[in-house]
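Secondary and tertiary structure notes
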Amino acid sequence: MDKKVKKTIAICASVSFYKEIPEVAKELRQKGFRVLLPDSLRIMQRTGNFDPDYHKTWFTNPEDYKIKRRLINNHFKKIATGDAILVINNEKKGIKGYIGGNVLMEITIAYYLKKQIYLWNQIEKGNPFEEEILALNAKAINKKLELIQ
């Protein structure tokens, strides 16, 4: 393993895919990358509860959205700090390569800040955000971390 840190990568994903992130992060670190993770993943790891519906109970009234806003802002800062993002986009709701609204915002921030955007899986034809994601030069790596440079 190369001890020199190559790049810093912020991992982005729907909360439904958070359970997969630690293993991907471990593999990236073994390849010499510095990895930045969502704050809410750390909460899930600490509690051992990866159920997205459980964690969404934070947002039961409008005042609770300040928590979500803080989590979003913190991850945007991580994206700004990094060199690239890796979007974990598995199948969800019958959509292969699913990307939800929050991750689309993260991709947009990365694009605006001129960060490389890597997609874990190819975007399926007909994805509601296919046109936007392709326009932002996102590169599908099809789960091949060696394609990240």
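Below, the structure is looked at part by part. (Residues numbered from 1 in each chain as written. Predicted model: local features only at pLDDT ≥ 70, side-chain atom pairs only at ≥ 80, totals over all residues. Heavy atoms only, no water.)

**Topic: the overall build of the chain**
What counts, and what does not: Numbered from the N terminus, helices here are DSSP runs of H or I no shorter than four residues, and strands are runs of E no shorter than two. Throughout, exposure labels follow a simple rule: accessible area from a 1.4 Å probe, protein chains only, divided by the maximum for the residue type, with under 20% read as buried, over 50% as exposed, and the rest as partly exposed. In short, Shrake-Rupley with a 1.4 Å probe defines the accessible areas, and a residue's cover is counted only from the protein chains shown. When charges are counted, Lys and Arg contribute as positive and Asp and Glu as negative, whereas His and the chain ends are disregarded. The atoms used to mark charge sites are NZ of Lys, CZ of Arg, CG of Asp and CD of Glu.
Looking only at helices and strands, one finds six helices and five strands in the chain. Secondary structure elements of the chain occur, N-terminal to C-terminal, as β-α-β-α-α-α-β-α-β-α-β. Here the chain, with 149 residues, has 44% of them falling under the buried criterion. Working note: accessible area of the chain is about 8500 Å², and carbon and sulfur atoms make up 51% of it. Positive and negative side-chain charges of the chain, numbering 27 and 17 respectively, have mean locations separated by a distance of 6 Å.

**Concerning the sheet that holds strand β2 (residues 34-36)**
Within a sheet, adjacent strands bond to each other through the backbone by hydrogen bonds, running parallel or antiparallel. For clarity, the cut-off: Two strands are said to pair when DSSP picks up at least two bridges between them. In this analysis, two residues are considered to be in contact whenever any of their non-hydrogen atoms come within 4.5 Å of each other. Each axis is a line fitted through C-alpha atoms, and for a helix only the stretch in contact is used; angles between axes span 0 to 180 degrees, taken between their N-to-C directions.
Taken in spatial order, the five strands line up as β2-β1-β3-β4-β5 in an open sheet, and their pairing is parallel. Bordering the open sheet on either side are β2 and β5 (139-140), each of which pairs with just one other strand. Bridging between strand β4 (residues 116-119) and β5 involves two bridges; their strand directions are parallel. Each residue of the ladder has a partner; that of Tyr118, found in β5, is Lys139. Strands in contact with helix α4 (residues 65-81) are β1 (8-13), β2 and β3 (84-88); relative to β1, the strand with the most contacts, it is inclined by about 145°. Running over the sheet, helix α5 (residues 101-112) touches β1, β3 and β4 and is turned about 160° from β3.

**Description of a nonpolar patch on the surface**
Stated formally: Residues qualify for a patch when their relative accessible area is over 30% and they have no salt bridge, like charges being joined within 9 Å and the nonpolar side chains of Val, Leu, Ile, Met, Phe, Trp and Tyr within 5 Å. Here, a salt bridge means any Lys or Arg side-chain nitrogen found within 4 Å of an Asp or Glu carboxyl oxygen.
A cluster of nonpolar side chains, contributed by Tyr111, Tyr112 and Leu113, occupies part of the molecular surface with about 350 Å² of accessible area. One can find Tyr111 in helix α5. According to the relative accessible area criterion, Tyr111 is partly exposed, its value standing at 40%.

**What to know about α5**
Keep this limit in mind: Here the expected length of a helix is defined as 1.5 Å per residue gap, with one fewer gap than residues. It is the directions from the helix axis to the C-beta atoms that the arc portrays.
Compared with an ideal rise of 1.5 Å per residue, which puts 12 residues at 16 Å, α5 spans 16 Å between its outermost C-alpha atoms and is within 8% of the ideal. Of all the positions in α5, only Val103, Leu104, Glu106, Ile107 and Ala110 are classed as buried. Viewed end-on, α5 has its buried residues packed into an arc of 160°, placing them on one side of the element. The secondary structure elements touched by the buried residues of α5 are β1, α4, β3, β4 and α6 (130-135). After α5 finishes, the residue Lys114 shows a positive phi value of roughly 65°.

**Structural notes on the nonpolar core**
In globular proteins that are soluble, nonpolar side chains generally tend to be buried together. The line we're drawing: The nonpolar core is taken to be a set of buried Ala, Val, Leu, Ile, Met, Phe, Trp, Tyr and Cys residues, with the residues joined through side-chain atoms within 4.5 Å.
The biggest cluster of nonpolar side chains holds 23 residues, and the ones touching the most others in it are Ile11, Leu28, Leu86, Ile88 and Ile148. Where this core is concerned, the elements lending two or more residues are β1, α1 (21-30), α2 (39-47) and β3. Residues in contact with Ile11, not counting those within four places in the same chain, are Ile21, Val24, Ala25, Leu28, Val35, Leu36, Leu37, Pro38, His75, Leu86 and Ile88. In terms of nonpolar packing, the next biggest core, distinct from the first, is built from 18 residues, Ala10, Ile99, Leu104 and Ala110 among them.

**Observations concerning unusual backbone geometry**
Not every positive phi belongs to a glycine, and Lys93 is a case in point at roughly 55°. Among the secondary structure elements, Lys93 is positioned in the loop between β3 and α5. One non-glycine residue, Lys114, lies in positive phi territory at about 65°. Its place among the elements puts Lys114 in the loop between α5 and β4. With a relative accessible area of 75%, Lys114 lands in the exposed category.

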